[in-house]
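Each chain, letter by letter, is given below.
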Amino acid sequence: MFNEDNTTEQMIISTLKKNGWEYISADDLDREENDVMVESMVREALIRLNPEIAEDESRADEIIYKLRTLFLSTNPQNLVTQNEAFKQMVFEKNSYPFGEDGKQVSIDFFGTEINGKLDQNQYVVTNQWVYPKKEGGKRLDIVLLVNGFPFVIGELKTPVRAAITWLDGAQDINKYEQSIPQMFVTNVFNFATEGKCYRYGSVCMPAAKYGPWHTADDKSDGSLAAVQTSVQDMITKYKIMDLFQFFTLFATDSKYRKFKVIARYQQYEGANMIIERVRAGYPKKGLIWHFQGSGKSYLMEFAAVKLRMLPDLKNPTVIIVDDRLDLESQITAQFHSSDVGNLESASTREQLMTMLRQDIRKIIITTIFRFQEVTGELSLRDNIIVMVDECHRTQEGDLGIKMRTALPNAFFFGMTGTPINRVDKNTFATFGATEDRSGYMSKYSFSDSIRDHATLPLNFEPVPVDLRVDRDTMDREFDILTRDLPDSDKAELSKRVNMQAIMYNEKRIHKVCAHIAKHFTEKIRPNGYKAQVVVYDRPCCLKYKAELDKLLGEECSTIVMDTNDDKADEYKKYRRSKDEEAKILDRFRDTNDPLEIVIVTAKLLTGFDAPILQVMYLDKPMKDHTLLQAICRTNRTFDEGKTHGLIVDYIGIFDNVAKALDFDEGSMKKVITNIEEVKKQIPALLRKCLSYFMGVDRTVDGWEGLMAAQECLPTNAEKDKFAADYQVLNRAWNAVSPDPMLSPIQVDYVWLTKVFESVKPTNGGGGLIWAALGPKTMEIVNSNMDVGEVHEDEEILSLDAELIDAFIEKHKGAKNAAKKVEIDLVARIHKHSDDPKFMRLGDKLEKLREQHEQGLINSIEFLKMLLELAREAAQAEKEVVPEEEVDKGKAALTELFNGVKNTNTPVIVERIVTDIDDIVKIVRFDGWQNTTGGRQEVKKALRSVVWVKYKIKDKEVFDKAYSYIEQYY
């Protein structure tokens, strides 16, 4: 049924109807709740698209029976495999004996670009789809059907609450993939939105990795209009089928786990631009700049696969050209992991020339250097498409000329991950078409990739001055080295040796390695990330490895280098085959492997993809695109805690960022964020967060202090605004920590963190604005946090009217009383955040908060309902506490008494605990906490031990001991 109250739902359905989708309410669809597909639609499409089935309509049923087995055999563990099996069933394993005399014929499940029947598909949008049963089934907000198959599932969240975001919707989809995996067997993609941001992802993709869909003209976010633009552009009849057939692929990782890849909008745009130019026949070139880490390899793979499959291109040859062997190996491995068919690797010059002379019609992967001996034409065909990776480095020279001489009628598309430097005019001339006004056919800049969370910001951290390489120091060292040489020899040496002299200096290497070891163990390792050390040359690799071994142990690091031309066998230990090197790098990528640092000089500076890598210790002079490519090894997204890549600069490269990155794009000058600048911002960020709590005494501990802070954030809107400002501070803090400059303000920061934690939604919602704290913050939180303690009085667990009144009087008003109970309850719910009972309690508390905030209930009613929730929480806690908790209770009491004992306290603490335990066991009975008599008997017994026998007449001790007994006995 159409929901008039849901603005986002209305907008999406209305937009899709304009895009040609037919709206049918879920109640009007011809299906039972336990049906995954609308079988009548599937049957009609099979008959409509296939004359062989139209002749005998029962043949459609044979296919439907086969489809049902696919759903019935699906579970959460094999969902990606089943999703792939459906695509194979549609496009590859689609032969049936429906021809004359039982001859096998290919069956069309859908109209596609290839069979020319796109307009014969039935495109339906529906909402509030229930599966697998009417009562208690899962309710999916939006479902898009093509020929009766659910292709797209959308989850919508409220646009009113800032803390609830698209991420909550995406996380719900992740849960549905576990609970109702059958609904995702035929899935192309899923999307989530709260009416501000639109994000989509493939089956089993973690919610945090969902990406946006923008257009070339509109990359805005944060409004219903922006969501409408994304939906209008992405969810068209043509693009749904295009994405399904050509822009989703299935790959296998190093641990043999299947995962599904769907094109990001920039990959889809770039690949289709290539295809459009090839189809049009002009212009026969184009330059694509997509920033490092944004998926150029997949763009080439999507383009290559589609080019090969389109019949009107007459079986073209696609050549992928790299300029490094390691890049060739990497992209070959990626294509193989995705099971791309008709793939060849031209690993020698002879192989390449033979393939082109023999008119091989496949995808060929090679390097630019294999064109070195070409002197004439190898093929005159005009349906050869060449995609040149990292096209700014070598392709402008003689090798580029030879490649074009060999293939005079081919298309040439250049790919680069870095913008073209002003000096590299030849790159524009070679690949840039005059039709592209900016010089680029497709551009996806650094700022685009940061905004879309495709990559992370880059920070750089200057090091102590005595470790930096500078011209004065180099000149001074060189003068010492050459003081006995004539000027002519000194001039000759200065061209080659001055930098080497400083880089080989043993004292400096020792200091740099000591700094690396300290920095890594304090700032990187605690967060679970890894490091790359980039050094001057191969001898330096050995020197740094020896020093780091002394400081961190041999297992911590290894060297990855080119060991060719090693006449003296100096580097024999690190001579590895391709497979051996791949295994080493897989170990580096493994979070649980002790290999944490790779030392390199030339290898792994381009194309190396290891999301766990966060920091690069840079001790090698580099410039322009070489520098930018190298430092972007650290900017890959990994987990919620990784908020940036970090460059620790020992060479002084970043003293003038604008000069080091002197590219046409002004935005490139902002690629690097200086940690020193972040440090300067932290006091202001802290003041902004504290400004929410003017007049609050931050020295007051416990729930009273938190209650005063919460009074300053009375509405959800104010809580969310504070949370957004706190998150900015939190990211800056984690980037700088553990710098000593934070020490004077740590108390205020910890206090703000407690407030942040205490006002978080208890239902787990709000995955963006209320995102997890960084590991460094958690470290100080764990040592300072006391908000998680549950302060229990007998009144909190009782609904006795007299006790409620007494409690209200005691704490001067229902408002204060309610706030204390709320703080206690939040602590309980967070303590058991994974338990369904407590998740339900969290939902109840959020609803109660909203009712109270809107003035729908008064404070007394609010308190009574809170007390009821507290009682439910106590009961739920009892149900999840195992029997052994009695022993934990004794341990807790032991700790308590240890904290208060003095010279007058009996030394045998164990006797006190044993006495309490024995007395309580005698007098207690089931449900004693809920009766006045039971509570009085237990308190009387406790008094006889604590006050009478052991003379400890401290009320706080007594109260705490009682709360422990109530909790554990």
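Residues numbered from 1 in each chain as written. Predicted model: local features only at pLDDT ≥ 70, side-chain atom pairs only at ≥ 80, totals over all residues. Heavy atoms only, no water.

## Regarding helix H8 (residues 237–246)
What counts is decided by this rule: Exposure categories follow from relative accessible area, calculated using a 1.4 Å probe and restricted to protein chains: below 20% of the type maximum is buried, above 50% is exposed, and the middle band is partly exposed. The helix count covers DSSP runs of H or I at least four residues long, the strand count covers runs of E at least two residues long, and both are numbered beginning at the N terminus.
When you tally the buried positions in H8, you get eight out of 10 residues, the bulk of the element. Those residues of H8 lying buried are Lys239, Ile240, Met241, Asp242, Leu243, Phe244, Gln245 and Phe246.

## Details of the side chain of Thr74
The test is simple: N or O atoms within 3.5 Å of each other form a polar contact, as long as, within protein, one can give a hydrogen and the other can take it, and as long as residues adjacent in sequence are counted only when both atoms are side-chain atoms. Any pair of residues with heavy atoms lying within 4.5 Å of one another is described as a contacting pair.
Topologically, Thr74 is positioned in the loop between helix H4 (58–72) and helix H5 (79–91). With a relative accessible area of 6%, Thr74 lands in the buried category. Within the local environment of Thr74, its side chain forms a polar contact with the side chain of Gln82, the two groups lying 3.2 Å apart. When residues no more than four places from it in sequence are discounted, the contact partners of Thr74 are Leu79, Gln82, Pro181, Gln182 and Val185.

## What about helix H19 (residues 506–524)?
An α-helix turns once every 3.6 residues. As a result, residues three or four positions apart point the same way. Keep this limit in mind: Each residue after the first adds 1.5 Å to the expected span of a helix.
The end-to-end C-alpha distance of H19, which contains 19 residues, comes to 25 Å, matching closely the 27 Å that a straight helix rising 1.5 Å per residue would cover. When H19 is considered as a whole, its buried residues turn out to be Arg508, Ile509, Val512, Cys513, His515, Ile516, Ala517, His519, Phe520, Lys523 and Ile524.

## Let's talk about unusual backbone geometry
The linkage connecting Tyr131 with the following residue, Pro132, adopts the cis geometry, with an omega of 5°. Looking at the secondary structure, you find Pro132 in the loop between strand E4 (123–131) and strand E5 (138–146). Following Tyr282, the chain continues to Pro283 via a peptide bond in cis, the omega torsion being -15°. With respect to the helices and strands, the residue Pro283 is situated in the loop between helix H9 (265–280) and strand E11 (285–290). Here Asp101, not a glycine, exhibits a phi torsion of approximately 60°, which is positive.

## Section: the pattern of salt bridges
Quick reminder of the rule: A pairing counts as a salt bridge when a side-chain nitrogen of Lys or Arg comes within 4 Å of a carboxyl oxygen of Asp or Glu.
Counted by the stated rule, this structure contains 40 salt bridges. One connected set of salt bridges, linked through shared partners, spans Glu113, Asp242, Arg279, Lys306 and Asp312.

## Concerning the confidence of the model for the protein
Keep in mind that low pLDDT regions are not for reading the predicted coordinates in detail. Filter applied, for reference: pLDDT: the predictor's confidence for each residue, scored from 0 to 100.
Mean pLDDT for the protein: 80, with 73% of residues reaching 70 or above. Per-residue pLDDT stays below 50 along residues 656–669; that stretch engages in 33 contacts with residues further than four places along the chain or on separate chains. Low pLDDT, under 50, characterises residues 883–909; the predicted model gives this stretch 33 contacts beyond four residues in sequence or across chains.

## Here's the deal with the packing of helix H2 (residues 39–49) against H4
Rules: Axis definition: a line fit to C-alpha positions, over the contact stretch in the case of helices; interaxial angles, taken between N-to-C directions, run 0 to 180 degrees. Angle categories: roughly parallel below 35 degrees, roughly antiparallel above 145, roughly perpendicular from 65 to 115, and oblique for all the rest. Put simply, a crossing is left-handed when the front helix is turned counterclockwise from the back one by less than a right angle, and right-handed when it is turned clockwise. When residues are sorted by character, Ala, Val, Leu, Ile, Met, Phe, Trp, Tyr, Cys and Pro go into the nonpolar class, Asp, Glu, Lys and Arg into the charged class, and all the rest, Gly among them, into the polar class.
Close contact between H2 and H4 brings their axes to 9 Å; oriented N to C, the two are set at 130°. In terms of axis orientation, H2 runs oblique to H4. In the crossing of H2 with H4, the sense of the turn from one axis to the other is right-handed. The residues of H4 that touch H2, namely those facing Glu39, Val42, Arg43, Leu46 and Ile47, are Ser58, Ala60, Asp61, Ile63, Ile64, Leu67 and Arg68. In terms of residue class, the contact of H2 with H4 is built from seven nonpolar, one polar and four charged.

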